[in-house]
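Reading the structure
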Amino acid sequence: GNAHYSLLTNPEGGIIDDIIVYRIADQEFMVVINAGNTDKDLLWFSSKLSEGVTLDNQTSQTAMIAVQGPNAPELVGKLTGADLSKVSRFQYLEHSIGGIDAILCRTGYTGEDGFEIIVSSGEANALWNLLIENGAAPCGLGSRDALRIEAGYPLYGHEIDDTTTPVEAALMWVVKLDGRQFTGSDVITKVKADGAGRKLVGIKLGERIVPRQGYNLLCDGELVGTVTSGIFSPTTGHSIGMAYVNDGYNTPGTVLKVEIRTNLFDVTVVPKKDLLKV
């Protein structure tokens, strides 16, 4: 009944993918991966299976619709008739919604509260229409990006990839190095001890111009970092983002320059958890 956010790591300590693992039963788990990494992740899992362990790929047979926002629990609760107050963060409930068998997951992966509803792929259209008819508003990747950046959440292909270690990505809170061995653990242990040389931080701009992935961060003309994600935050009315910044320049309060086309703008380094603080 519980879920856990975790990482798949490679022998170099890089992140193959970030995943959510659900315990279905004592010896059965459901793993939700990033859809764009399906082929890569399945190949990795298949290469690591122990004797007696089977892998059942349900990707094409299932669909997930994320109902997110402050009113999401109320809406989903109304349509299921279930008491969803008993489903805490990172728990799930198997229950029908509008007559559709579903798994209701409460991870809030966007940074908002809500439920990620998993149904059979053939029921996805019916579930979508049911949600819209009852007041949900359709939204896309722009909304998802705004929410997760405001929350300081990483996204695969932006803040994390096969070359990024959990140390520099500030994801050591999901990595346990207490003597256990796993793929890449020796490298991650060494990077943690020696230092990664850079760190993922939040950035804020006084201008309304948006910092985009790949933009350079400078200090006295020296390249000291790179933007990974950026938006104009509708919540704060400021431009915010995340970036990898070299040691010596990533202390909160440090003012750097972001190079946007041929112009330079001031950016201030902030903790990712403070991106919504004015």
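What you see is a predicted model, and the numbers here were worked out from it, not measured in a lab.

Overview of the overall build of the protein chain
- The secondary structure content of the protein chain amounts to 5 helices and 13 strands.
- Whereas a compact globule of 278 residues would reach a radius of gyration of roughly 19 Å, the protein chain reaches 20 Å, a difference of no more than 12%.
- Expressed along its principal axes, the backbone C-alpha trace of the protein chain runs to roughly 60 × 50 × 30 Å.
- Across the 278 residues in the protein chain, those meeting the buried criterion constitute 43%.
- Contacts spanning at least 24 positions in sequence make up 57% of the contacts within the protein chain whose residues lie at least 6 apart.
- Roughly 14600 Å² of accessible area belongs to the protein chain as shown, and the carbon and sulfur atoms make up 51% of that amount.
- Across the protein chain, 23 positive and 34 negative side-chain charges occur, with their mean positions spaced 6 Å apart.

Notes on the side chain of Asn 37
- By secondary structure assignment, the location of Asn 37 is in the loop between strand E3 (28–32) and helix H1 (38–48).
- Here the side chain of Asn 37 touches Asp 17 through a polar contact of 3.1 Å, side chain to side chain.
- Among all residues touching Asn 37, those that are not within four sequence positions of it are Ile 16, Asp 17 and Tyr 156.

Re H1
- Looking only at H1, the buried set comprises Thr 38, Asp 41, Leu 42 and Trp 44. Each buried residue of H1 lies within a common arc of 160° when the element is viewed along its axis, so the set occupies one face. Away from the buried face of H1 by more than 90 degrees, exposed residues Asp 39, Leu 43 and Ser 47 are located.

Focus on the sheet that holds strand E12 (residues 255–260)
- In spatial order, the strands read E8-E11-E10-E9-E12-E13; together these 6 strands close into a barrel with antiparallel pairing. Direction aside, neighbouring strands of the sheet carry axes that sit 40° apart on average.
- Pairing of strand E8 (residues 198–205) with strand E11 (residues 239–246), which is carried by 8 bridges, proceeds in the antiparallel orientation. Its bridge partner being in E11, Leu 205 is matched across the sheet by Ser 239.
- Along the sheet, helix H4 (residues 141–150) contacts strand E10 (222–232) and E11; its crossing angle with E10, the most-contacted strand, is approximately 125°.

Some words on the state of the cysteines
- One pass over the structure, following the stated rule, counts 0 disulfides.
- Unpaired in this structure, Cys 139 has its nearest cysteine sulfur neighbour in Cys 105, at a distance of 18 Å.
- On the basis of relative accessible area, Cys 139 is assigned to the exposed category, the value being 58%.

Some thoughts on the environment of Val 270
- Checked against the element boundaries, Val 270 lands in strand E13 (residues 263–270).
- When the C-alpha positions of Val 270 and Met 242 are compared, they lie 9.2 Å apart, and in sequence the two are 28 residues distant.
- Aside from chain neighbours lying at most four places away, what touches Val 270 is Val 201, Gly 202, Ile 203, Lys 204 and Leu 275.

Description of the packing of aromatic side chains
- For the structure shown, the criterion picks out 2 aromatic pairs.
- Positioned above the aromatic ring of Tyr 244, the side-chain terminus of Arg 198 is 3.9 Å from the ring centre.

Considerations on the sheet that holds E3
- If you trace the 3 strands from one edge of the open sheet to the other, you get E1-E2-E3, paired in antiparallel fashion. In this open sheet, the two strands that pair with only one neighbour each are strand E1 (3–9) and E3. Averaged over all pairs of adjacent strands, the angle between strand axes in this sheet comes to 35°, irrespective of strand direction.
- Sheet topology note: the strand E2 (residues 15–25)/E3 ladder contains 5 bridges and is antiparallel. Residue pairing for E3: Arg 23 is matched across the bridge by Phe 29.

Here is what the cut-offs are and how they apply
Residues numbered from 1 in each chain as written. Predicted model: local features only at pLDDT ≥ 70, side-chain atom pairs only at ≥ 80, totals over all residues. Heavy atoms only, no water. Helix = DSSP H or I, 4+ residues; strand = E, 2+ residues; numbered from the N terminus. Rg over C-alpha atoms; globule rule 2.2 N^0.38 Å. Buried < 20%, exposed > 50% of the residue type's maximum accessible area, 1.4 Å probe, protein only. Contact = heavy atoms within 4.5 Å. Areas by Shrake-Rupley, 256 points an atom, 1.4 Å probe, with all protein chains shown as cover. Lys, Arg positive; Asp, Glu negative; His and termini not counted. Charge placed at Lys NZ, Arg CZ, Asp CG, Glu CD. Polar contact = N/O pair within 3.5 Å; in protein donor to acceptor, adjacent residues only side chain to side chain. Arc of directions from axis to C-beta. Pairing = 2+ DSSP bridges. Axes fitted to C-alpha atoms, helices over the stretch in contact; angles between N-to-C directions. Disulfide = S-S within 2.5 Å. Phe/Tyr/Trp six-rings, centres within 6.5 Å; stacked < 30°, edge-to-face > 60°. Lys NZ or Arg CZ within 6 Å of the ring centre and 35° of its normal.

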